[in-house]
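Observations on chain architecture
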Amino acid sequence: MTAAERPTPEGGPGAAAPEAPLYVDLDAAIRETPVAEALAQLEDDLIGLRPVKERVREIAGLLLLGKVRERAGLQTERPTLHMSFTGRPGTGKTTVAMRMARILHLLGYVRKGHLVVATRDDLVGQYVGHTAPKTKEVVKRAMGGVLFIDEAYYLYRPENERDYGQEAIEMLLQVMENHREDLVVILAGYGDRMDTFFRSNPGFHSRIAHHLEFPDYSADELMTIAEGMVAQQQYRFDDGSRAAFREYIARRMRQPHFANARSMRNAIDRIKLRQASRLLASAGRVAVDELRRIDAADVRASRVFREE
Amino acid sequence: MRVTQGTFSFLPDLTDDEIRAQVQYCLDHDWPISIEWTDDPHPRNYYWEMWGNPMFDVKDAAAVMLELAACRRAHPEVYVRVSGYDRRLGRQTTAISFIVQRPAEEPGFRLVREEGADRQVRYSTIAYATDKPAGQRYAPRT
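Note that the structure is a prediction, hence the values are computed from the model and not measured.

Things to note about the sheet that holds strand E1 (residues 33-38) of chain B
All names here are of chain B. Strand order in this open sheet of four strands is E2-E1-E3-E4, and the pairing throughout is antiparallel. Each having just a single partner strand, strand E2 (49-50) and strand E4 (93-101) make up the two edges of the open sheet. Lying over the sheet, helix H1 (residues 16-28) contacts E1, strand E3 (79-86) and E4, oriented at roughly 165° with respect to E4. Strands in contact with helix H2 (residues 61-74) are E1, E3 and E4; relative to E1, the strand with the most contacts, it is inclined by about 10°.

Structure (structure tokens):
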């Protein structure tokens, strides 16, 4: 499916060296890397996130073309690959980062393709001289892969000018500049707070090439996600509980601390809990299918329905 | 006299690219790398100074090369070695260990013959470098 949207006649730059080939086979280039497969997987496994998938596809296309150009003897600078993922909690930032690491690895832009997740606690030390070795340790671990800094804005604490976070920021900036071949840094967090963070640290902003915004899921998408999670754990909704869960989503979305897919996971965990105690309370002989079935009562017992 | 200790020691000194390739081989085999240095080249001096902790959970040679560069900057005129430890049950030993930096001047070893009873001779080797106190053994590169 990637073949369709790629501009095929990119072949003949006559200005190239005389022995350079005049045409390159883009189809073959796509076929050679398993990246199309990874992209298709991204498409299938993740629900919604239209703009994100679009951007990932574009980035992958650019990188693939870079490799093709390289092979055709055209000078290609290694593009800056550092990214920022902004979006509310539970919108799939870490999951996409993991996929991104794999795609970058398949395209040969990172050597190992593993993902190292770090937060402020992993980077910033407790006392003078503690921060630099800590940050260095994390950076070393991430080399050859992707360093994912969750809630990056916590690194910067403007209210405390002696905060050690600044030291970590400076080290990261240096690494992002000097070790561009060795690792890719992805900064993640809430949109508005990331904006403030970038405003106060313009160095970061200029070193980041791709800003990906993760939209919130719609109620339908959340339902699909929940169905997927339930099926994966070998449970199933019946008609009553499905309707109840739809209602649950609508109510939960209006409440504070709503964390998209993560809220769905937690809700399902609690529903499983209630289902277990219901089954145990009834005791006696139970059909095997009952072990899988989620009853409407399991859903409606939630705190979300009680309020109002 | 050129000190020959560890793997590859009879080859010409490895270039940085060759070191990187060897280190990557170690990491690909799940052998954590450690960097050590010493200014006492005696072959029975097993315990060199550690440069930081052994690098567990590092996956890429770039991280090791970074530390190696830092170690060379701090100790430009001593021996530096890189070793990979195979932690698998049944092996649990240093799998590879090679010198990645040596002083420009290596004065070599003195052979001492000690006469014992019954015309027995005991031999020992003493590095000329260790005649001087630690820290002054190798002239700083000019």
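Here's the deal with helix H3 (residues 35-45) of chain A
Residues and elements named next belong to chain A. Looking at H3, one finds that the buried residues are Val35, Ala38, Leu39 and Leu42. Here the buried residues of H3 occupy an arc of 100° about the axis, which is enough to place them on one side. Facing away from the buried surface of H3 by more than 90 degrees, the exposed residues are Glu37 and Asp44.

What about the pattern of salt bridges?
Here the structure, examined in full by the defined rule, presents 36 salt bridges over all chains. One salt bridge in this structure joins Arg293(A) and Glu290(A), with 2.7 Å as the shortest N-O distance. By relative accessible area, Glu290(A) is classed as partly exposed at 23%. Residues participating in the shared-partner salt-bridge network are Lys136(A), Glu137(A), Lys140(A) and Glu67(B).

Regarding empty space enclosed by the protein
Residues and elements named next belong to chain B. Overall, the coordinates contain two cavities of 30 Å³ or more when judged by the stated rule. Contributing to the lining of the second largest cavity are Arg2, Gln5, Thr7, Phe8, Ser9, Leu11, Pro12, Asp13, Leu14, Phe98, Ile99 and Arg102. Among the residues making up the lining of the second largest cavity, the classes are represented as six nonpolar, three polar and three charged.

Thoughts on the layout of surface pockets
All names here are of chain A. Roughly 660 Å³ of volume is contained in the largest pocket. Forming the boundary of the largest pocket are 26 residues, of which Gly90, Gly92, Thr95, Tyr217 and Ala261 lie nearest the centre. Contributions of two or more residues to the lining of the largest pocket are made by H3, helix H5 (93-106), helix H11 (219-232) and helix H13 (260-282). Counted by class, the lining of the largest pocket contains nine nonpolar, nine polar and eight charged residues.

So, the environment of Pro41(B)
All names here are of chain B. Residue placement: proline 41 occurs in the loop between E1 and E2. For proline 41 and glycine 135, which are 94 residues apart along the polypeptide, the C-alpha to C-alpha distance reads 13 Å. Discounting residues that sit within four places of it in the chain, proline 41 has contacts with Val3, Gln5, Tyr79, Phe109, Ala127, Ala129 and Tyr138.

Things to note about unusual backbone geometry
Residues and elements named next belong to chain A. Of note in the backbone geometry, leucine 49 takes a positive phi value of approximately 55° without being a glycine. Mapped onto the elements of the fold, leucine 49 is located in the loop between H3 and helix H4 (50-71). Given a relative accessible area of 4%, leucine 49 falls into the buried group. If you check the backbone angles, asparagine 260 has positive phi at about 45° while not being a glycine. As for its placement among the helices and strands, asparagine 260 is situated in helix H13.

A closer look at the packing of aromatic side chains
Counted under the stated rule, the structure contains twelve aromatic pairs over all chains. Taking 6.4 Å as the distance between ring centres and 35° as the angle between the ring planes, the aromatic pair formed by Tyr153(A) and Tyr190(A) counts as tilted. With Tyr153(A) in the loop between strand E3 (146-149) and helix H8 (165-178) and Tyr190(A) in the loop between strand E4 (184-189) and helix H9 (191-200), this pair connects stretches of sequence that are 37 residues apart. Looking at Tyr153(A), the relative accessible area reads 5%, which means it is buried. With a centroid separation of 6.4 Å and an interplanar angle of 85°, the aromatic rings of Tyr46(B) and Tyr47(B) are classed as edge-to-face. Given a relative accessible area of 74%, Tyr47(B) falls into the exposed group. Through a chain of ring-to-ring contacts, the aromatic side chains of Phe237(A), Phe245(A), Tyr248(A) and Phe305(A) assemble into a single cluster. The ring centre of Tyr109(A) lies 4.7 Å from the NZ or CZ of Lys67(A), which sits over that ring. We note Arg81(B) situated over the ring of Trp48(B); from NZ or CZ to the ring centre the distance is 4.2 Å.

Here we look at the interface of chain A and chain B
Tallying the contact residues gives ten residues for chain A and twelve residues for chain B. Between chain A and chain B, a total of about 990 Å² is buried, with carbon and sulfur atoms accounting for 59% of that surface. The tally of links from chain A across to chain B stands at five salt bridges. Where Lys140(A) meets Glu67(B), a salt bridge forms, and the shortest distance between an N and an O atom there is 3.1 Å. Linking chain A with chain B are four residue pairs in polar contact (both at pLDDT 80 or more), by the criterion used here. In terms of residue class, the side of chain A that touches chain B is made up of one nonpolar, three polar and six charged.

What counts, and at which threshold
- Residues numbered from 1 in each chain as written.
- Chains lettered and ligands numbered in written order.
- Predicted model: local features only at pLDDT ≥ 70, side-chain atom pairs only at ≥ 80, totals over all residues.
- Heavy atoms only, no water.
- Pairing = 2+ DSSP bridges.
- Helix = DSSP H or I, 4+ residues; strand = E, 2+ residues; numbered from the N terminus.
- Contact = heavy atoms within 4.5 Å.
- Axes fitted to C-alpha atoms, helices over the stretch in contact; angles between N-to-C directions.
- Buried < 20%, exposed > 50% of the residue type's maximum accessible area, 1.4 Å probe, protein only.
- Arc of directions from axis to C-beta.
- Salt bridge = Lys/Arg side-chain N within 4 Å of Asp/Glu carboxyl O.
- 1 Å grid on protein atoms, 1.4 Å probe; cavity = no way out; pocket = protein on both sides within 12 Å on 5 of 7 lines; lining within 4 Å.
- Points joined across faces, edges and corners; volume = space filled by probe spheres on them.
- Nonpolar A, V, L, I, M, F, W, Y, C, P; charged D, E, K, R; others polar.
- Phe/Tyr/Trp six-rings, centres within 6.5 Å; stacked < 30°, edge-to-face > 60°.
- Lys NZ or Arg CZ within 6 Å of the ring centre and 35° of its normal.
- Buried area = accessible area lost by both parts, 1.4 Å probe.
- Polar contact = N/O pair within 3.5 Å; in protein donor to acceptor, adjacent residues only side chain to side chain.

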